[in-house]
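# Topology and contacts: notes
Take a look at the letters that make up each chain.
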Amino acid sequence: MRCSQDSPHVSSEALILPASGDDVAYYAQRRWPDDHARQLYADLAELAPNGAWVAKDEGTPIGIAIAHPLEDEWFLSELFVEPSFVRQGIGRKLLVEVARDAGDVSRSGLLDPHELGGVAFFLGRGVSLQAPVVRVAGALPPEEDLARMAAGDYRFSAEPIDPARDRQALGALDREVRGTARPLDHTYFAQRGQGIGFRLGDEFVGYAYVWPNGSIGPMVSASPAYLVQFFAYALVMLDRTFGATWCTALVPGTNVRVMRAALRAGLTIDAVRLFACDAGLLDLTRYVGFHPLLF
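A few points on the structure. Predicted model, so just to flag it, every value in this text is computed and none were measured. (Residues numbered from 1 in each chain as written. Predicted model: local features only at pLDDT ≥ 70, side-chain atom pairs only at ≥ 80, totals over all residues. Heavy atoms only, no water.)

### Side note on the overall build of the protein
Of regular secondary structure, the protein possesses nine helices and 13 strands. Computed over C-alpha atoms, the radius of gyration of the protein comes to 19 Å, within 12% of the 19 Å expected from 2.2 N^0.38 for 295 residues, which places it in the range of a compact globule. Seen along its three principal axes, the alpha-carbon backbone of the protein occupies a region of about 65 × 35 × 30 Å. Relative to its 295 residues, the protein shows a buried fraction of 51%. The long-range share in the protein, meaning contacts at least 24 apart out of those at least 6 apart in sequence, stands at 73%. In the form shown here, the protein has an accessible surface area of approximately 13,300 Å², with 51% of it arising from carbon and sulfur atoms. Across the protein, 27 positive and 36 negative side-chain charges occur, with their mean positions spaced 3 Å apart. (Helix = DSSP H or I, 4+ residues; strand = E, 2+ residues; numbered from the N terminus. Rg over C-alpha atoms; globule rule 2.2 N^0.38 Å. Buried < 20%, exposed > 50% of the residue type's maximum accessible area, 1.4 Å probe, protein only. Contact = heavy atoms within 4.5 Å. Areas by Shrake-Rupley, 256 points an atom, 1.4 Å probe, with all protein chains shown as cover. Lys, Arg positive; Asp, Glu negative; His and termini not counted. Charge placed at Lys NZ, Arg CZ, Asp CG, Glu CD.)

So this is what it looks like as structure tokens:
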């Protein structure tokens, strides 16, 4: 899905331009209700290789696109066009700019199934829908429930993630489970959240991040058998590190172990997204995502 290399241009409907800080702040406020997501939105726009791009009609923002590169994947964090301007080719023009020089890598995104135009946009470009991703949320389970969840046959050691020291181990797990390494993301995650790496003996077998707003993820496990214990540990970390009383997690529908544990712990499903990717089918049974803006 390589895009053309045309320069920014004016159509009869909209002007496609690099987004200013004010443009990004406007859509962060318009699109996301919480401070965590708005900060991530702004950070992704700043870190994007080609920046964020905005469509304007007579000076008024009518659409925006933000992309984020992983090692072997190009993730579309945002592609939004105001409803009254859809079907005019604006999304395609925004995509040309954010995808400039993306290279020969896989393309992906996490889609809102209610935004049918975005779903059609991806499918029309050969990007398949691989799995539903369910957001579970609710009050942190009582300690006795967490103790039962954490009980198992494995005794892991845990230590804070050091993105430089653990780069090789993190990259190997991410390629195996998520389909691509993401070293720059781990640097960001470690600076903004709290990350823990799990070892079984001398082997690095997984990691989990938790966040001040109560979210869990990304979380990756070398084996499905470890998942529920990792999830329980992450819930305990939320309480002990941030004093959280509420939690959320983005769980792929194929990750039935974490989904079952979350529902049994009293969490409920409050949103569903669709993971789209034009790479081969990924094994997301051992994965919990970070955020819709950066799965």
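### What to know about the packing of helix α5 (residues 143–150) against helix α8 (residues 227–242)
Packed helix pairs are characterised by how far apart their axes lie and by the angle those axes make with each other. Between α5 and α8, whose axes approach to 8 Å, the crossing angle comes to 150°. One way to sum up the angle between α5 and α8 is to call them roughly antiparallel. For the pair α5 and α8, the sense of crossing is left-handed. Across the interface between the two elements, Leu146, Met149 and Ala150 of α5 pack against Val228, Gln229, Phe231, Ala232, Leu235 and Val236 of α8. Looking at the contact of α5 with α8 residue by residue, the class counts come to eight nonpolar, one polar and no charged. (Axes fitted to C-alpha atoms, helices over the stretch in contact; angles between N-to-C directions. Parallel < 35°, antiparallel > 145°, perpendicular 65-115°, else oblique. Left-handed = near helix turned anticlockwise from the far one by under 90°. Nonpolar A, V, L, I, M, F, W, Y, C, P; charged D, E, K, R; others polar.)

### Structural notes on the pattern of salt bridges
Any two side chains of opposite charge can pair, on the condition that their charged atoms come close. Counted according to the given criterion, the structure contains 15 salt bridges. With its nearest N and O atoms 3.7 Å apart, the salt bridge here joins Arg165 to Glu159. In the salt-bridge network here, residues are joined through shared partners; they are Glu159, Arg165, Asp166 and Arg199. (Salt bridge = Lys/Arg side-chain N within 4 Å of Asp/Glu carboxyl O.)

### Points about helix α2 (residues 35–47)
The terminal C-alpha atoms of α2 lie 18 Å apart, and with 13 residues this matches the ideal 18 Å at 1.5 Å per residue to within 8%. Every buried residue belonging to α2 is among His36, Ala37, Leu40, Tyr41, Asp43, Leu44 and Ala45, and all of these are buried. Here the buried face of α2 lies against α1 (21–31), β3 (60–69), β4 (73–81), α7 (183–192) and β10 (215–221). (Expected span 1.5 Å × (residues − 1).)

### What to know about the environment of Leu70
Relative to the helices and strands, Leu70 is located in the loop between β3 and β4. Along the backbone, Leu70 and Ala147 are 77 residues apart, and their C-alpha atoms lie at a distance of 36 Å.

### Section: the nonpolar core
Ranked by size, the top nonpolar core spans 41 residues in total, and within it Tyr41, Tyr207, Phe275 and Phe295 carry the most contacts. Sorting elements by how many residues they give to this core places α2 first, with five residues. Residues contacting Tyr41, with those up to four places away along its chain left out, are Val24, Tyr27, Ala28, Arg31, Trp32, Ile64, Ile66, Glu78 and Leu293. Ranked by size, the runner-up nonpolar core spans 32 residues in total, among them Val134, Leu227, Ala232 and Ala244. (Core = buried A, V, L, I, M, F, W, Y, C linked by side-chain atoms within 4.5 Å.)

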